[in-house]
Each structure stands twice: as C-alpha cells, then as structure tokens.
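# An overview of the molecular structure
Single-letter residue listing:
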Amino acid sequence: MKGIVLKSTGKFYKVKLENKSVIEAQLKGKIRLLDLDVTNPVAVGDVVLLEKSDKTWMISKIEDRKNYIIRISPKKKFLNQIIASNIDQAVLVVTLSKPRTSTGFIDRFLLTAESYHINTIIVFNKQDDLSNKDQTKQNELADLYQGIGYEVLFTSAIKKQGVEELKQKMKEKTTLLSGHSGVGKSTLTNAVDSTLNLKTKEVSKKFSKGVHTTTHAEMFSLPFGGNVIDVPGIKEFGIAHLDKYEVADYFIEFQAKAANCKFSDCLHINEPKCKVKEAVDEGEIHVERYLNYLNILDSLEEQKEY
Ligand SMILES: Nc1nc2c(ncn2[C@@H]2O[C@H](COP(=O)(O)OP(=O)(O)OP(=O)(O)O)[C@@H](O)[C@H]2O)c(=O)[nH]1
Ligand SMILES: [Mg+2]
Ligand SMILES: [Zn+2]
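Here goes a summary of the coordinates provided. Along each chain, numbering runs from 1 in the same order as the chain's sequence is written. Lettering of chains starts at A and numbering of ligands starts at 1, both following the order in which they are written. Predicted model: local features are reported for residues with pLDDT of at least 70 only, side-chain atom pairs are reported and counted for 80 or more only, and whole-chain, interface and lining totals are derived from all residues. Excluded from the side-chain calculations are hydrogens and water; all other atoms, namely the structure's heavy atoms, are used.

## Some remarks on helix α4 (residues 185-192)
Burial of α4 is extensive: seven of the eight residues sit out of reach of the surface. Three exposure classes are used, based on accessible area relative to the maximum for each residue type with a 1.4 Å probe and protein chains only: buried under 20%, partly exposed in between, and exposed over 50%. Runs of H or I in DSSP of at least four residues are treated as helices and runs of E of at least two as strands, each being numbered from the N terminus. Taken as a whole, α4 has its buried residues at K185, S186, L188, T189, N190, A191 and V192. By definition, residues are in contact when any of their heavy atoms lie within 4.5 Å. Looking at the packing, one finds that the buried side of α4 touches β8 (89-94), β9 (119-124), α3 (163-170), β11 (174-178) and β13 (227-230).

Okay, here's the thing in structure tokens:
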C-alpha cells in the first residue's frame, strides 16, 4: 500500500493512504538514509510503501524524493533535518518586526529553494501592524525581490487581507509555508482553511520573537484543492548540499552577469574583470544580496572545516 507522510513525530508517522484513510505507522528496521547527514529518515511529504503486520502499519520503503528542504538541526549544528519533501512551491512568510526577518535569512531560503528548482512566493504578513519605518523598509524589500523576479504578496492573516490572493496561488499545489517562528505561518494556514484551528501564540514581548508554537511539520489538504505544510519556525536553512561554485547559480540575478566574467570559475569575490562585482558597483545587483552571497560562501567554508 502506498501513502503520503502527513506528520512525523520521530517514532510515529501519520500517513494518508491511497484510499484517503489516515493511519499511524512505524518505520520498519533500518531504511537507507540519504548520503546527506540528516537526522530524520522520513519527512513530511514523503511517498512511502507500507505493509501491515499484525495490526501495525510499517513503512518499508521511501520513494525517491522529487525535492526537499533542509534546515540545520537545532540540536546538532552540522547535521541537517529534512523539513519537507515533494513540494510544488514555497511561501516564505516574512515580517519586518515581531519578529524581524533579515535579507540574509531570505536569501538563504531562496538559495535552498532555487537549488531544488522550487518556486518561492514571498509573503509579507502583519500588514495591519506596520510602523511607518517598517512600511518604508518593506517597500524597499518588496522592490528588491520583485526586481529580481520573485512574486511578492502582502497579507494580514488576522484581518484576512490578501488571503484570497494567497489561496489562488495555493490551489492544486503542495505549498510549504516557511519563515521564522512568530511570523504567522499557522495563523495564515488557519485563514486559508478556517476549519483547521491550528495553535498560534503571541510573540514574546521581551524579545520580539516567536515562541516556537508549532513543534512538528504537518501537511493538510485544502478544501479548494492542494495541500499546505505548516512547519515550526526556522532559524537557519541548511545549505550543506551545495558546492561554493554553485551558489552564484542560484542567486538568479547574478546569472546573466556571471556568464561574462573573465574566469569561468570566478567566485565573484575579488577576481579581475568580474562582471558580478561590476554590476554591484553600478547598482545593478543589490549590494545586500552580494554581501549575503559572500556570507554564504564563508559559512560553506566553515562547514568544510568540520
Ligand atoms: N497583527 C497581526 N498579528 C498576526 C498576524 N498573523 C499572525 N499574527 C500573530 O502573530 C503571533 C504568532 O503567530 P503564529 O501563527 O503562531 O506564528 P508561526 O509562524 O506559526 O510561529 P511558530 O509556530 O512558532 O513557527 C500570534 O499572536 C498571531 O496572532 C497578522 O497578520 N497581524
Ligand atoms: Mg506555527
Ligand atoms: Zn565574477
């Protein structure tokens, strides 16, 4: 019997079978792990084969993944955790404050998603709660990412603004909702399907950060077609699968420029006649994107030293 993993709590897996019934399953013996150092063998979105022994459903095989998104394990710094697999698109939920989302974080996410050819929509949430200063900053960010070619939406999950537009985008697709804790992923999921009633919680007044309300990723099927995966807030995305020479390929606006660099193996750091650097100097590539790119190269170097 085939099924799709809706939720994993470590030992037990919630699986939707082909006949639409939802069952609890366990892992059968040792299942081959990926080559990557990942802490979880089975992830939400995995298509699995199951066998029933006595009254227990056992997962016997994981089908090849079309794609997956990983994060750095919160417990073990150089291990990765698969957040979800087989997704059609990602929605990165961003807020300017409570909590603040940096471009460094956004760019790491976009890099990961691009490396798996997953389309990302950037959703600026909490439109009802924007200071003038944040509004200005938000306009800048929206311009920056729209300028590169990313789709941007503005929502208030609480006031149900922009939710219809988001639903249109989610129709008939499996969408991963991602972003820091407290940006409103679960509140948005509830807004998109009011029958869900997922737990949400105020961000900490003291730190202006989310309190990690959602503890396990879970997939829900949407009444208008498609699925949404609500995940725990994420601090940092794993990019260990990438080689430093690949990173620029996934900074999509670097591409056209990089093709004309003097050296074909140019890393765009300080090589002569680097067209990417020239484009940064001329303001054609945003300096913040470039600095985030350099930062990512640094962190890849750091990972190799372990
Ligand atoms: N003002 C305002 N508050 C919102 C909005 N969306 C969510 N919130 C609030 O932000 C807080 C955090 O929302 P959650 O939905 O729990 O955030 P989350 O991203 O799921 O957080 P984790 O599960 O910890 O990753 C809650 O108090 C929500 O009511 C919004 O559009 N406007
Ligand atoms: Mg949540
Ligand atoms: Zn270059």
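## Quick word on α3
For α3, the full list of buried residues reads V163, L166 and M170. Each buried residue of α3 lies within a common arc of 60° when the element is viewed along its axis, so the set occupies one face. Against β8, β9, β10 (151-154), β11, α4 and β13 lie the buried residues of α3. Phi turns positive one or two residues past the end of α3, at E172, with a value near 65°. Read the arc as the range of directions from the helix axis to the C-beta atoms.

## Comments concerning the packing of α3 against α4
In this description, a line fitted to the C-alpha atoms serves as the axis of each element, helices being fitted only across the stretch in contact, and the angle between N-to-C directions of two axes falls anywhere from 0 to 180 degrees. It is the contact of α3 with α4, at a shortest axis distance of 10 Å, that shows an interaxial angle of 85°. The pairing of α3 with α4 is recorded here as roughly perpendicular in orientation. On α4, the residues touching V163, L166, K167 and M170 of α3 are L188, A191 and V192. When residues are sorted by character, Ala, Val, Leu, Ile, Met, Phe, Trp, Tyr, Cys and Pro go into the nonpolar class, Asp, Glu, Lys and Arg into the charged class, and all the rest, Gly among them, into the polar class. Across the contact of α3 with α4, the residue classes tally to six nonpolar, no polar and one charged. Orientation is classified from the angle alone, with under 35 degrees giving roughly parallel, over 145 giving roughly antiparallel, 65 to 115 giving roughly perpendicular, and any other angle giving oblique.

## As for the coordination of the zinc ion (ligand 3)
Geometry reference: four tetrahedral donors at a metal, ideal angle 109.5 degrees. Six octahedral donors, ideal angles 90 or 180 degrees. Coordination sphere of the zinc ion (ligand 3), protein contribution only: C261 (SG), C266 (SG), H268 (ND1) and C274 (SG), at 2.1 to 2.4 Å. The donor definition counts N, O and S atoms within 2.8 Å of each metal and applies 3.2 Å to Na, K and Ca; water is not among these atoms, so some sites may look incomplete. Note on geometry labels: four donors, all angles 85 to 135 degrees, give tetrahedral; four donors become square planar and six octahedral when opposite donors are over 155 degrees apart and every other angle is between 65 and 115; remaining cases are irregular. Bound by four donor atoms, the zinc ion (ligand 3) shows angles of 103 to 117° at the metal and therefore tetrahedral coordination geometry. One chain supplies every donor for the zinc ion (ligand 3), spaced along it as C-x4-C-x1-H-x5-C. One exposure class covers both H268 and C274, and it is buried.

## Things to note about the nonpolar core
Residue types Ala, Val, Leu, Ile, Met, Phe, Trp, Tyr and Cys, when buried and joined through side-chain atoms within 4.5 Å, form a set referred to as a nonpolar core. The biggest cluster of nonpolar side chains holds 38 residues, and the ones touching the most others in it are I69, I83, I122, F124, Y145, L176 and I229. Counting residues per element, the ones that place at least two in this core are β6 (68-72), β7 (80-85), β8, α1 (103-115), β9 and α2 (132-148). Residue ranges for the domains trace back to a domain assignment, done automatically or taken from a database. Each of domain 1 (2-62) and domain 2 (85-230) gives at least three residues to this core. The residues contacting F124, other than those within four sequence positions of it, are V94, L96, Q138, L141, A142, V152, L153, F154 and T155. I239, I285, Y290 and Y293 belong to the second largest nonpolar core, which has 22 residues in total.

## Remarks on the coordination of the magnesium ion (ligand 2)
Protein-derived ligands of the magnesium ion (ligand 2) are S186 (OG) and T214 (OG1), with the metal-ligand distances lying across 2.0 to 2.2 Å. Of the two residues, S186 sits in helix α4 while T214 sits in the loop between α4 and β12 (218-221), which places them 28 residues apart along the sequence.

## Considerations on the site of ligand 1
Taken together, 23 residues are adjacent to ligand 1, and D128, S181, K185, T187 and T214 come closest. In protein, a polar contact means a hydrogen-donor-capable atom and an acceptor-capable atom, both N or O and within 3.5 Å, with residues adjacent in sequence counting only if both atoms are side-chain atoms; elsewhere, any N or O pair within 3.5 Å suffices. Measuring from an oxygen atom of ligand 1, one finds a backbone N or O atom of V183 at 3.4 Å. Between an oxygen atom of ligand 1 and a main-chain N or O atom of K201, the distance comes to 3.2 Å. Using the Shrake-Rupley algorithm and a 1.4 Å probe, accessible areas are obtained, with residue cover drawn only from the displayed protein chains. When the free accessible area of ligand 1 is taken as 660 Å², the share hidden by the protein chains comes to 91%. For the shell around ligand 1, the per-class residue count stands at four nonpolar, 13 polar and six charged. Nearness is defined per residue: one heavy atom within 4 Å of the molecule or strand is enough.

## Comments concerning the pairing of β9
Most of β9 sits inside the fold, with five of its six residues counted as buried. A pair of strands is treated as paired once DSSP finds two or more bridges between them. The sheet contact formed by β8 and β9 spans six bridges and is parallel. Bridged to A90 within β9 is T120. Assignment of crossover handedness uses the view with strands pointing away from the viewer, where a clockwise path from the first strand over the helix to the second indicates a right-handed crossover. In this fold, the crossover linking β8 to β9 by way of α1 has right-handed handedness. Bridge analysis of β9 against β10 gives four bridges, and the strand direction is parallel.

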